[in-house]
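# Notes for the structure review
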Amino acid sequence: MANKQNTTKIRIKLKSFDHRMIDYSVQQIIEAAERTGASVSAVPLPTKIKRFCVIRSPHIDKDSREHFEFRTHKRLLDILDPNARTIDDLTNLNVPAGVDISMKL
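What counts and what doesn't
Residues numbered from 1 in each chain as written. Predicted model: local features only at pLDDT ≥ 70, side-chain atom pairs only at ≥ 80, totals over all residues. Heavy atoms only, no water. Pairing = 2+ DSSP bridges. Helix = DSSP H or I, 4+ residues; strand = E, 2+ residues; numbered from the N terminus. Salt bridge = Lys/Arg side-chain N within 4 Å of Asp/Glu carboxyl O. Buried < 20%, exposed > 50% of the residue type's maximum accessible area, 1.4 Å probe, protein only. Axes fitted to C-alpha atoms, helices over the stretch in contact; angles between N-to-C directions. Contact = heavy atoms within 4.5 Å. Polar contact = N/O pair within 3.5 Å; in protein donor to acceptor, adjacent residues only side chain to side chain.

### Topic: the pairing of strand β3 (residues 65-80)
Direction of pairing for strand β1 (residues 9-16) relative to β3: antiparallel, over a ladder of eight bridges. Paired with Ser 16 across the bridge in β3 is His 73.

### Section: the pattern of salt bridges
Scanning the entire structure with this criterion turns up five salt bridges. Of the charged contacts in the structure, one is a salt bridge between Arg 20 and Asp 18, with a shortest N-O distance of 3.5 Å. We classify Arg 20 as exposed; its relative accessible area is 60%. The partner of Glu 69 in a salt bridge is Arg 51, and the shortest N-O contact between them spans 3.1 Å. Here the residue Glu 69 occupies a position in strand β3, and Arg 51 occupies one in strand β2 (residues 39-55), the gap between them amounting to 18 residues. When its relative accessible area of 60% is taken as the criterion, Arg 51 is described as exposed. Several salt bridges share partner residues, and in doing so they unite Arg 51, Glu 69 and Arg 71 into one network.

### Things to note about the sheet that holds β1
Two pairing modes exist for strands in a sheet, parallel and antiparallel, and in both the strands are linked by backbone hydrogen bonds. Ordered by their spatial adjacency, four strands build an open sheet running β2-β3-β1-β4, and the pairing between neighbours is antiparallel. Where the open sheet ends on each side, the last strands, each with one partner, are β2 and β4 (99-104). Along the sheet, successive strands turn relative to each other by an average axial angle of 15°, direction set aside. As defined by bridge partners, β2 adjoins β3 across 15 bridges and the pair is classed as antiparallel. Counterpart to Ser 41 in the pairing with β3 is Asp 78. Along the sheet face, helix α1 (residues 19-35) touches β1, β2, β3 and β4 and points at about 5° away from the line of β3. Packed on one face of the sheet, helix α2 (residues 84-91) meets β1, β3 and β4 and runs near 15° to β1.

### Some words on the side chain of Thr 86
By the element assignment, Thr 86 lies in helix α2. Accessibility expressed as a relative area gives 1% for Thr 86, which makes it buried. Of note is the side chain of Thr 86, whose polar atom sits 2.6 Å from the side chain of Thr 36. When near neighbours in sequence (up to four residues on either side) are disregarded, Thr 86 contacts Ala 33, Thr 36, Ala 38 and Ile 79.

Here it is as structure tokens:
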């Protein structure tokens, strides 16, 4: 049997429509965690693409359509061995608008 260690971990999930804002937020979180001595592993998750097809004109030009899409970029961060200072730094972090963050201890 393998010897399991009880390590504390913070799992952070980030979602955004703009890949530049999410990359900037991930960089801020990594820098804040590494300043306090915690180790971080970042995983880019697959981008979810939602596409729509809309009829431009409902009358004579029914075959003319427009296509739109939403791209949701996602990242997963695991912060290993956080201390109280790490948690304080993460809660006081200013994240740009448009980035959704969920944290689990």
